[in-house]
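Read off the chains here:
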Amino acid sequence: MSPTRVSFFFRAGDLLAFVIWPGGAVECLTLDATPDGVLRAAAELQSLFSWERMNPNRPERTTDMGFLTGLGDAVTGPLAAALGDCGHVVAAPHGPLHDLPLQLLAHAGESPVDRWSLSYTPNLALYDGLVARDRGAVDLASARCLATAAAEDPERTHVRFAAITQPIVERSRHAAANGLLATRAELLAALQEADVVAVACHGRFDAGSPRASALLLSDGRRPPSRARLGQDGAVSLAEIMAVPIRTRLVVLAACFSGRQLIAPGDEPLGFASAFLAGGADAVLVANWSLDARAAAPFLDGLMEQWSTGRLSLGRATQLAYLATRLLYPHAFHWAAFSLFGDDGLRCVPPNPAMEVSPS
Amino acid sequence: VLDVTAVPSVREAFDALGDEDRRELQDPVRSLPLTRLLTRLRSQGDGRSDAEQRALALLARAAIKHFDRPRDVYERLVDLLLAPDQPDVVPVAGLVHGGAVHAPLLLTMIETLAWTLALGGCAARGRAWLDAAAAVAASLDLPGEEIAVHDYRARYELAHGDTALASGAVARAGELAATRAPALVERIEDLAAFVAVAQAAAGLLTDVPPALDGSLRRCPDALLLLLVSLGEGAVARDDLAVAVRFAERAAVVDAGRAGGPDLRLLLLRAKLARRTGQYERADLLLAEVRTAARRAEVEDDLAWETFSLARDLAQADAAGKLPAHPGGPPGRATYQRGVLAVHDGETELAASLFRACAADAVEPNLRLDASAMLAMVTDDRVEAMRLLYRSIGAYVAGGRRQDHAIALGHLGLVTLIEARARLAAGIPAEVIPELSRAARLYRDAIRIHDELGAEASVIDSRLTLAAVAEDAADLPAALEQLELGIDGIEAQYLLVADAEAAAAIAQAHRAWYERAVTVCLRLAQPARALGFAERAKSRRLLRDRADLLAGVAATPGAAADPAARAAVDIAAIRRRLRTYGRASVAERRRLLESAKDVVARSAGDGGGAGMEPEPRRWYGSGSIVCRRCLVDNAVGSMFCSACEELLVKTATADLTLEPTEESARRGLATLRYNQGQREFHEQRFAAAEALFRQALQHRRHQDYLFFLALCLLARDEPAEAVAALSEMFDLQFAAVVPAWYSPVAPTGVHAAVADLTDRRRPAGDVLVALIEQEVDAIRRQRSLPR
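Residues numbered from 1 in each chain as written. Chains lettered and ligands numbered in written order. Predicted model: local features only at pLDDT ≥ 70, side-chain atom pairs only at ≥ 80, totals over all residues. Heavy atoms only, no water.

Enquirer: Please provide a residue-by-residue account of the pairing of strand 15 (residues 337–341) of chain A, values included.
Expert: Residues and elements named next belong to chain A. Most of strand 15 is tucked away: five of the five residues are buried. Relative to strand 15, strand 14 (residues 282–286) runs antiparallel, the two being bridged by five bridges. Residue pairing for strand 15: A282 is matched across the bridge by G341. (Buried < 20%, exposed > 50% of the residue type's maximum accessible area, 1.4 Å probe, protein only. Helix = DSSP H or I, 4+ residues; strand = E, 2+ residues; numbered from the N terminus. Pairing = 2+ DSSP bridges.)

Structure (structure tokens):
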């Protein structure tokens, strides 16, 4: 079943939501949200979810998400009423809404992911381009996984980073490239060869110059450093934009890998749009500082569902949200990832003879 | 021109004096005020050799240049010059009248004084001193000196932008050289070519003067210089097609020369490209100039053109590119700062800058442009209309078509603002004609811009025309203009390789996408609205990865639009540019050529649709459009209030059936006015005056004031006549649509006021002149085709 696409557009005083129903009909909803209001909420969110203010062990003690209630009522409320139980929703945010994951905007106690599978796209033109390619099911067994923490991190962090990609490693015929093996060359090669690439590492987002944002990988001789700039192992966004990508699904379990620069009149610039524009069909990115303990069960849940070949990537992501929320009720944990691109991707089932459900 | 830039310091000039002069002048140089020092230096030159006199003259120039309080001294100097009985100035005045024979020092002194006067804005007084110098040289029978004065005078006039007077001075110098000093003929010919270049650059020449053909053929460099100047002149008067032809001719001459491309020609081509919206081409040409070895020769012009490109692209750092020590005409930097202030919405600052420029700039065109821009930022509507009409008239007279079109657009905007104010005030009935008028002005502006190939101006005019149509509730027309305008924006966006420049274009036009979305929704066309919303969000994708969209009709109006189609073909090179940094000039040029073809193919010509071939006349609708300058005048106006074209005779009729107090007063005023006319033509001026005054008690009207002024002139009361005529001017722009009811054109009335104020002519002569103009105008109006 085709998803319902929603394209948001800010005008001077309100927010429009263009709903494109699966049949192609277009409807426009006017929502009571302003760019300034959303911008303030997004800034507050980034501030609250920073390592300086967040207690990842007990986030509910430090972070009350009540400040998003009004926006949830203004945005999710009317959308829920209009869309009903439509199944899949693909959202193309606009302006500051790119910095505010919709799964946080609850209405009447319900997050959008309680109703729909939710994925994102920089704009609908790109989404339609991705879907139109129709490259078939994804070979999860070809997945390549890289994981490395920083030189300054304790050993347990290295172990936790490796654990994040473990659910994918378990389903792949390739061994994990962890620690010093998680190199820049390994990633660039994997992007040319594997259907799925998963990376667990530290990420750095440069708001002033987003092309300089980087995934911190090893240079083969020593682990990356969070403090050192210009490392040999770092892979910048500019480099990602320059290489043709064959990988279908990219999983970035790296802090801030979902952050983007919103230039006026343009798509946001960040790892998600760079990977999609470079050739990937879908990208799973982290919206803020990632807690490895919650990231591992999220990816575990996701892969458990998706690897069966019965569910679309969007639906599997939705179920992973819900499953993780049972373990970690705070949004800082369960809502940390966002899916960009083709939510309809399916995995080659473990048993090739197994029939794949069309819906 | 007295060149003070190379003048040494006072100390250096002082050291260059002989021992005796140094000893005698040591104290005066330290203690005397400038005027007294200049007089002292003159007397010091008595009986000295030419070399010593030149050294003293150099010291005089240095004293003027380096005096620490030049303004105070200048004021005192002017006071002294205006009062020739002052003892300090008597020796100088005596010299002017031939009282002494120290020609080089005398002439240098006079030139210095002339320039000092000119620096303070008294160009006419400086000119008078130069005339005096020429008279002195002639009376002393010093043809070489006289030629030098004419030479100086020509350069002085060039510096003040008056090429006609410069040309006259050259002619006099040429005549004198031919008969009295053949050795100077060549020098004067050089000067003549120099003046021709200046005339060409000012747009006063339309081709190479035949008289210069021979010498220019012998000297390709001079021909190139003249052709480039002719091109610059054509650009200055917005004759872009002609400028392109001169640039092409210059390019042919340039190709036959050694030593690389001529930088002025490159700058001319860059300016032409910018003016026609080809920003990428302009940037390429400027890059070529920047990398040239001889760029220092055109540093000022390059800085200005770089700034202009940044300004036209609405780049955020445009102000930073404004040359710090600008060359070019004085006031230009002030004007450009005003333009930037307008872009930033700082209207008060802009108004003050434009006022300063309009008052102080030497170049007439710059003053005119400043007046036109002042109209856009002043709060006074009457002043705005007066400034705009005056500017439009001058642009039409000067053949500056693009500025004419821009001013028409500004007039449309002022009219639109007026309409919105009326709507806000709750008088919607008066809004419709205002909106119609604004729309017509924009259509006329678009037609002219389109003819000139000024794509950027066409886009801006289309977008504002859309706003007018939206205000008039003609939403389909608004959407049509918005779509054409947005197509144009995206074509421009795609043609600019530099990401920052492209982002500036996107940012500057962001609001138009919102407006297009809103209009579509008001028309209940959400799918079309979505198309505009997606276009507003998808431009980088179009630039970088259009291949991803090839063949995909993602949303209605998105992938199918011309800009997206164009992007498909050029995206690959774009991506490489983004990824690997700046390409070479040659690569970018190839890119530009391919992109231009694609955009032209995809977007079509985009303009001209729905344009009216001829301006309309609105008989009976309250205004009449001047066929020459395309502005509206009130019905009954005799002359166009902008260009003073004589208008077809029209009349108003009062269709009010019920008499009101207002109509009664107007009727009574008309009765008194008609009675006054009879008395006036019977030459009973006192009686006529009384009747006109009675008419004015009931209604203020330009005609009543005009004939009252005539009566006052007949009775030799010029001061009161001037007051009446001045009030006439005020009434010209008092209504929404300007009118000049009086039977003598504003210029004629202005001249009469000036004559009376300065007492140049007696009141009787002025009266006769005004009546002659009135009779002539009425006779000509009767012969106008309807």
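Enquirer: Tell me about the packing of aromatic side chains, residues and numbers included.
Expert: Using the criterion set out here, one finds 18 aromatic pairs over all chains in the structure. Their ring planes at 35 degrees and their centres at 5.6 Å tell us that A:Y120 and A:F340 sit as a pair that is tilted. Remark: A:F340 occurs in strand 15 and A:Y120 occurs in strand 5 (residues 117–120); sequence separation between them is 220 residues. Among the residues examined, A:Y120 registers a relative accessible area of 4% and is labelled buried. Looking at A:F340, the relative accessible area reads 5%, which means it is buried. Taken together, B:Y673, B:F680, B:F685, B:F692, B:Y704, B:F706 and B:F707 form an aromatic cluster joined through their ring pairs. Here the basic side chain of A:R325 rests over the ring of A:W334, its NZ or CZ set 5.2 Å away from the ring centre. Over the aromatic face of B:W304 sits the side chain of B:R332, whose NZ or CZ is 4.2 Å from the ring centroid. (Phe/Tyr/Trp six-rings, centres within 6.5 Å; stacked < 30°, edge-to-face > 60°. Lys NZ or Arg CZ within 6 Å of the ring centre and 35° of its normal.)

Enquirer: Let's hear about the pattern of salt bridges: which residues, and what values?
Expert: Throughout the structure, instances matching the rule amount to 47 salt bridges over all chains. Between A:R144 and A:E186 there is a salt bridge, with the nearest N and O atoms lying 3.1 Å from each other. Taken together, the positions of A:R144 in strand 6 (residues 144–147) and A:E186 in helix 7 (residues 184–193) put the pair 42 residues apart, joining distant regions of the chain. Assessed through its relative accessible area of 13%, A:R144 is described here as buried. In this structure, the salt-bridge partner of A:R184 is A:E239, at a minimum N-O distance of 2.3 Å. With A:R184 in helix 7 and A:E239 in helix 8 (residues 237–242), this pair connects stretches of sequence that are 55 residues apart. In this structure A:R184 comes out as partly exposed when scored by relative accessible area, which is 27%. Here the residues in one salt-bridge network are B:R401, B:R437, B:R440, B:D444, B:R447, B:E451 and B:D632, joined through shared partners. (Salt bridge = Lys/Arg side-chain N within 4 Å of Asp/Glu carboxyl O.)

Enquirer: Please provide a residue-by-residue account of unusual backbone geometry, values included.
Expert: Residue and element names in this part refer to chain B. Look at A524: it is not a glycine, yet its phi comes out positive at around 60 degrees. Owing to a relative accessible area of 61%, A524 belongs among the exposed residues under this scheme. Phi angles above zero are rare outside glycine, and E644 is one such case at about 65 degrees. Relative to the helices and strands, E644 is located in the loop between strand 2 (632–634) and helix 33 (661–681). We classify E644 as partly exposed; its relative accessible area is 24%.

Enquirer: Please give an account of helix 20 (residues 364–377) of chain B that cites residues and values.
Expert: All names here are of chain B. Under the 1.5 Å per step criterion, the end-to-end length of helix 20 is 20 Å for 14 residues, consistent within 8% with the ideal 20 Å. Among the 14 residues of helix 20, ten are classified as buried, and the element is accordingly described as predominantly covered. Here helix 20 has its buried residues at L366, L368, D369, A370, S371, A372, M373, L374, A375 and V377. (Expected span 1.5 Å × (residues − 1).)

Enquirer: Give me the nonpolar core: which residues, what numbers.
Expert: One broad rule of soluble globular proteins: the nonpolar side chains tend to lie buried together. In this structure, A:F8, A:V75, A:L79, A:F275 and A:W306 are the most contacted members of the largest nonpolar core, which totals 108 residues. By residue number, the principal contributor to this core is helix 10 (residues 292–306) of chain A, which donates seven residues. (Core = buried A, V, L, I, M, F, W, Y, C linked by side-chain atoms within 4.5 Å.)

Enquirer: I'd like to hear about the packing of helix 15 (residues 263–275) of chain B against helix 17 (residues 299–312) of chain B, residue by residue, with values.
Expert: Residues and elements named next belong to chain B. Contact pair helix 15 / helix 17: the axes reach a minimum separation of 11 Å and the direction vectors enclose 15 degrees. As judged from the angle between their axes, helix 15 and helix 17 are roughly parallel. The way helix 15 lies across helix 17 gives a crossing that is left-handed. Where helix 15 abuts helix 17, its residues L267, A270, K271 and R274 lie against D301, L302, E305, S308, L309, R311 and D312. Here the residues of the contact of helix 15 with helix 17 sort into four nonpolar, one polar and six charged. (Axes fitted to C-alpha atoms, helices over the stretch in contact; angles between N-to-C directions. Parallel < 35°, antiparallel > 145°, perpendicular 65-115°, else oblique. Left-handed = near helix turned anticlockwise from the far one by under 90°. Contact = heavy atoms within 4.5 Å. Nonpolar A, V, L, I, M, F, W, Y, C, P; charged D, E, K, R; others polar.)

Enquirer: Provide a residue-level description of the confidence of the model for chain B, including the pertinent values.
Expert: If pLDDT is low for a region, its predicted coordinates should not be looked at in detail. Residues and elements named next belong to chain B. Of all residues in chain B, 73% have pLDDT values of 70 or greater, and the mean over the chain is 75. Below a pLDDT of 50 lies the segment residues 81–101, which in the model reaches 28 contacts outside its immediate sequence neighbourhood of four places, other chains included. Ignoring residues within four places in sequence, the model shows residues 598–621, a span with pLDDT below 50, making 38 contacts including any to other chains. The ipTM, which scores confidence in the relative placement of chains, is 0.89 for this predicted complex, and the corresponding pTM is 0.67. (pLDDT = per-residue confidence, 0-100.)

Enquirer: I'd love a proper account of the environment of B:D190, names of residues and values included.
Expert: Along the chain, the position of B:D190 falls in helix 11 (residues 185–201). Between the C-alpha atoms of B:D190 and B:A222, which are 32 residues apart in sequence, the distance is 9.8 Å.

Enquirer: Provide a residue-level description of helix 34 (residues 685–698) of chain B, including the pertinent values.
Expert: Residues and elements named next belong to chain B. Spanning 14 residues, helix 34 covers 20 Å between terminal C-alpha atoms, matching the ideal 20 Å at 1.5 Å per step. By the burial criterion, the buried members of helix 34 are A688, E689, L691, F692, A695 and L696. Angular distribution of buried residues about the axis of helix 34 spans 165 degrees; they occupy a single face of the element. Buried residues along helix 34 sit against helix 33 and helix 35 (702–714). (Arc of directions from axis to C-beta.)

Enquirer: Break down the packing of helix 25 (residues 475–495) of chain B against helix 28 (residues 526–537) of chain B for me, with residues and values.
Expert: Residue and element names in this part refer to chain B. Contact geometry for helix 25 and helix 28: axes closest at 12 Å, N-to-C directions at 25 degrees. Taken together, the axes of helix 25 and helix 28 are roughly parallel relative to one another. Pair helix 25 / helix 28 crosses with left-handed handedness. Here L479, E483, I486, D487 and E490 of helix 25 lie close against helix 28, whose contacting residues are R528, F532 and R535. By residue class, the composition of the contact of helix 25 with helix 28 is three nonpolar, no polar and five charged.

Enquirer: I'd like a rundown of the side chain of A:D342, residues and numbers included.
Expert: Residue and element names in this part refer to chain A. Relative to the elements of secondary structure, D342 occurs in the segment after strand 15. Buried charge without a partner: D342 forms no salt bridge, and the closest opposite charge is R248, 5.9 Å away. Among the polar contacts listed, one links the side chain of D342 to the backbone nitrogen of G344, at a separation of 2.9 Å. (Lys, Arg positive; Asp, Glu negative; His and termini not counted. Polar contact = N/O pair within 3.5 Å; in protein donor to acceptor, adjacent residues only side chain to side chain.)

Enquirer: Run through the pairing of strand 1 (residues 4–10) of chain A, naming residues and quoting values.
Expert: Residues and elements named next belong to chain A. Counting buried positions over the seven residues of strand 1 gives seven, a clear majority of the element. Of the two faces of strand 1, the one carrying T4, V6, F8 and F10 and the one carrying R5, S7 and F9 are both buried. As judged from the four bridges shared by strand 1 and strand 4 (residues 88–92), these two strands associate in the parallel manner. Across the sheet, the residue bridging to S7 is A92, located in strand 4. Of the strand pairs in this sheet, strand 1 and strand 2 (residues 15–20) are connected by six bridges, and their pairing is antiparallel. Opposite F8, over in strand 2, you have A17 as the bridge partner. With antiparallel pairing between neighbouring strands as the criterion, strand 1 and strand 2 make up a hairpin whose turn holds four residues.

Enquirer: Outline the environment of B:R759, supporting the account with residue identities and numerical values.
Expert: Residues and elements named next belong to chain B. Structurally, the position occupied by R759 is in the loop between helix 37 (746–757) and helix 38 (763–782). For R759, a relative accessible area of 75% gives the class exposed. Along the chain, R759 and P718 lie 41 residues apart, while their C-alpha atoms are 9.2 Å from each other.

Enquirer: Outline the state of the cysteines, supporting the account with residue identities and numerical values.
Expert: Here is the idea: a disulfide is a covalent bond, and it sits between the sulfur atoms of two cysteines. All names here are of chain A. Counting across every chain of the model gives zero disulfides over all chains. The structure places no disulfide on C255, whose sulfur is separated from the nearest cysteine sulfur, that of C201, by 8.8 Å. Under the relative-accessibility criterion, C255 is labelled buried at 11%. (Disulfide = S-S within 2.5 Å.)

Enquirer: Describe the side chain of B:T378, naming the residues involved and giving the relevant values.
Expert: Along the chain, B:T378 falls in the loop between helix 20 and helix 21 (381–398). Not counting the four nearest positions on each side in its chain, B:T378 is found in contact with B:R355, B:E383 and B:A384.

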